[in-house]
Amino acid sequence: MGFRCGIVGLPNVGKSTLFNALTETQAAQAANYPFCTIEPNVGQVGVPDPRLDTLAAIAGSAKIIPTQLSFVDIAGLVRGASKGEGLGNQFLGNIREVDAIIHVLRCFENDDIQHVDNRVDPIADAETVETELLLSDLESLEKRVPAAQKKATGGDKEARITASVLGQALELLRAGKPARLTQPKDDEEARVFSQAQLLTAKPVLYVCNVEEEAAAEGNAFSARVFEKAAAEGASAVIVSAAIEAELTGMEPEDRLVFLEEMGLAEAGLARIIRAGYQLLDLLTFFTVGPKEARAWTVHKGAKAPEAAGEIHSDMQRGFIRAETIAYDDFVACNGEAGAKEAGKLRQEGKEYVVSDGDVMHFKFNV
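Residues numbered from 1 in each chain as written. Predicted model: local features only at pLDDT ≥ 70, side-chain atom pairs only at ≥ 80, totals over all residues. Heavy atoms only, no water.

## Some details on the side chain of Arg271
Going by this rule: Comment: elements are numbered from the N terminus, with helices defined as DSSP H or I runs of at least four residues and strands as E runs of at least two. Throughout this description, buried means an accessible area under 20% of the type-specific maximum (1.4 Å probe, protein chains only), exposed means over 50%, and partly exposed covers the range between. In this charge count, Lys and Arg are treated as positive and Asp and Glu as negative; neither His nor the chain ends contribute. Whenever Lys or Arg places a side-chain nitrogen within 4 Å of a carboxyl oxygen from Asp or Glu, that contact is recorded as a salt bridge. N or O atoms closer than or at 3.5 Å make up a polar contact, with two conditions inside protein: a donor-capable atom paired with an acceptor-capable one, and, for residues adjacent in sequence, both atoms drawn from side chains. Contact definition: two residues touch when any of their heavy atoms are within 4.5 Å.
On the secondary structure map, Arg271 appears in helix α10 (residues 268-280). Lacking a salt bridge, the buried Arg271 has Glu244 as its closest oppositely charged neighbour, with an N-O distance of 4.6 Å. In terms of polar contacts, Arg271 uses its side chain to reach the backbone carbonyl oxygen of Ile238, at 2.9 Å. Those residues within four positions of Arg271 in sequence are excluded, and the remaining contacts are Val237, Ile238, Val239 and Glu266.

Quick look at the structure:
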């Protein structure tokens, strides 16, 4: 399982430039005018994980296959989108289909790049987008909650659950707060809340797009964004889309030299992925053999059969057990044979909760 992140923001903040750099394509037409991205571009990106290379080297794997993540470059939003202004309806529909929102904010001065409001203020930009998402959710729930409350008085159990959890979300929205602050009290409420597909329920990662000189430490604009993120319990990272664009097409050794010259330990993609994993509570497990070493992604708390299902539904349906070795043990014992000899290979059943870095081999019968 990968995860699908929608790149959003006002026009001309660097969304498409960042998308092109992250996916190493020119799939999105980056241009200095609003709405150059109309249809959402989707790019698949392999998640860099040095552990996978280490495992492949130990096992002599012929192929290395990283887990995938999808970036969706969504059209720039303007004020009034919730009422259909600009490409509003399309924009909101595209956001509804992603797992998390990467909100790109302009944190750089440049007179050559037009801003729709003729100013550089990332906090105001963030609030413009957030307001449109909130208004869209508010309009939806102000119709759905009264209808559910009416059905609930007739004894409808599902309507009672809906009225309770979405009623709480509606109160938050009316107070100008995002629906993601809603706290479902049990699994049933969590299911109903998830199915509501509220825009402001999506987890958010703020990406501060700074000038090259500020890529390592940020600037006054990005500092304000980090304060906003901390106050909301959200995440934020600093990226220079210009630097990411320069990295595109470079050989790995040239990338390292360039990043070092810029005072950076890694590319922006790695920072965004790591923050995205935290945002969505994801972890990675591995399958390793002579044919391939492969990384897979599941949500934290996933049990062994669910992990098996990421490989194939038959494995989940006919799950028997999972032969499991912790990553550190696999490396320390120089592979599966050494781990088995040292007693580090464990036989785990259906209730085993997968740990990040587990090397797993599934036994199943269909």
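## Thoughts on the pattern of salt bridges
Side chains that differ in charge, positive against negative, can pair when their charged atoms come close. Evaluation of the coordinates by the stated rule reveals 15 salt bridges. One salt bridge in this structure joins Arg174 and Glu142, with 3.6 Å as the shortest N-O distance. Of this pair, Arg174 sits in helix α5 (residues 157-174) while Glu142 sits in helix α4 (residues 122-152), and the two are 32 residues apart along the sequence. Taking relative accessible area as the criterion, Arg174 reaches 48% and is therefore assigned partly exposed. Glu142 sits in the partly exposed class, given a relative accessible area of 40%. A salt bridge links Lys303 to Glu351; the shortest N-O distance between them is 2.5 Å. Here the residue Lys303 occupies a position in the loop between β9 (292-299) and α11 (304-311), and Glu351 occupies one in the loop between β11 (346-348) and β12 (359-364), the gap between them amounting to 48 residues. What emerges from the salt-bridge pattern is a single network uniting Asp49, Arg51 and Asp356.

## With respect to the packing of α4 against helix α7 (residues 220-232)
Which entries qualify depends on this criterion: Lines are fitted to the C-alpha atoms to define the axes, a helix being fitted only along its stretch in contact, and any angle between axes, read from their N-to-C directions, falls within 0 to 180 degrees. When describing relative orientation, an angle under 35 degrees is termed roughly parallel and one over 145 degrees roughly antiparallel, while 65 to 115 degrees is termed roughly perpendicular and anything else oblique. Polarity classes work like this: nonpolar for Ala, Val, Leu, Ile, Met, Phe, Trp, Tyr, Cys and Pro, charged for Asp, Glu, Lys and Arg, and polar for all others, with Gly in that last group.
Running from N to C, α4 and α7 cross one another at 45°; their axes reach a closest spacing of 9 Å. Classified by the angle between their axes, α4 and α7 sit oblique to one another. Facing Pro122, Ile123, Ala126, Glu127 and Glu130 of α4, the residues of α7 in contact are Phe221, Arg224, Val225, Lys228 and Glu232. Among the residues making up the contact of α4 with α7, the classes are represented as five nonpolar, no polar and five charged.

## Some details on the confidence of the model for the chain
How we decide: Here pLDDT means the predictor's own confidence in every residue, given as a number from 0 to 100.
When pLDDT is averaged across the chain, the result is 86; 88% of the residues are at 70 or more. In the model, residues 26-39 has pLDDT below 50 throughout and makes 40 contacts with residues more than four positions away in sequence or in other chains. This model gives residues 84-88 a pLDDT under 50, and the stretch forms eleven contacts once residues within four places in sequence are excluded.

## Let's talk about the packing of aromatic side chains
Test applied: Each pair of aromatic rings taken from Phe, Tyr and Trp, with Trp reduced to its six-membered ring, is defined by centres within 6.5 Å and is described as stacked if the planes are under 30 degrees apart, edge-to-face if over 60, and tilted in the remaining cases.
Under the definition given, this model contains three aromatic pairs. Between Phe285 and Trp296, the aromatic rings sit 6.5 Å apart at their centres with planes inclined by 15°, giving stacked as the arrangement. Remark: Trp296 occurs in strand β9 and Phe285 occurs in strand β8 (residues 282-288); sequence separation between them is eleven residues. With respect to burial, Phe285 and Trp296 carry one shared label: buried. For the ring pair Phe285 and Phe362, a centre distance of 6.1 Å and an interplane angle of 90° mean the geometry is edge-to-face. Within this pair, whereas Phe285 is found in strand β8, its partner Phe362 is found in strand β12, the two being separated by 77 residues in sequence. Exposure remark for Phe285: the relative accessible area of 0% places this residue in the buried category.

## Points about the sheet that holds strand β4 (residues 68-73)
Note the threshold: DSSP calls a pair of strands paired once it identifies at least 2 bridges connecting them.
Pairing in this open sheet of six strands is mixed, and the strands run β2-β4-β1-β5-β6-β7 from one edge to the other. Because the sheet does not close on itself, it has two edges, and the strands there are β2 (41-46) and β7 (235-239). This sheet shows a mean twist of 25° between the axes of neighbouring strands, independent of strand direction. Bridging between strand β1 (residues 4-8) and β4 involves four bridges; their strand directions are parallel. The residue of β4 that forms the bridge with Gly6 is Val72. Lying on the sheet, α4 is in contact with β5 (100-106) and β6 (204-209); it crosses β5 at an angle near 145°. Here α7 sits on the sheet in contact with β5, β6 and β7, set at roughly 170° to β6.

## Considerations on the nonpolar core
Rule in force here: In this description, a nonpolar core means a group of buried Ala, Val, Leu, Ile, Met, Phe, Trp, Tyr and Cys residues linked to one another through side-chain atoms lying within 4.5 Å.
Judged by nonpolar contacts, the single largest core of 53 residues is most densely connected at Leu18, Phe71, Ile102, Tyr206, Val207 and Ile272. In terms of residue count, the dominant contributor to this core is α10 (six residues). The residues contacting Tyr206, other than those within four sequence positions of it, are His103, Leu105, Ala126, Glu130, Val225, Lys228, Ala229, Glu232, Ala234, Ser235, Ala236 and Val237.

## Here's the deal with unusual backbone geometry
With a phi angle near 50°, Gln197 is a residue other than glycine that sits in the positive phi range. Following the sequence through the fold, Gln197 ends up in the loop between α6 (187-195) and β6. Judged by relative accessible area, which is 40%, Gln197 ranks as partly exposed. A positive phi angle, near 60°, is found at Asn334, a position not held by glycine. Residue placement: Asn334 occurs in the loop between α13 (327-332) and α14 (336-341). The class for Asn334 is exposed, based on a relative accessible area of 58%.

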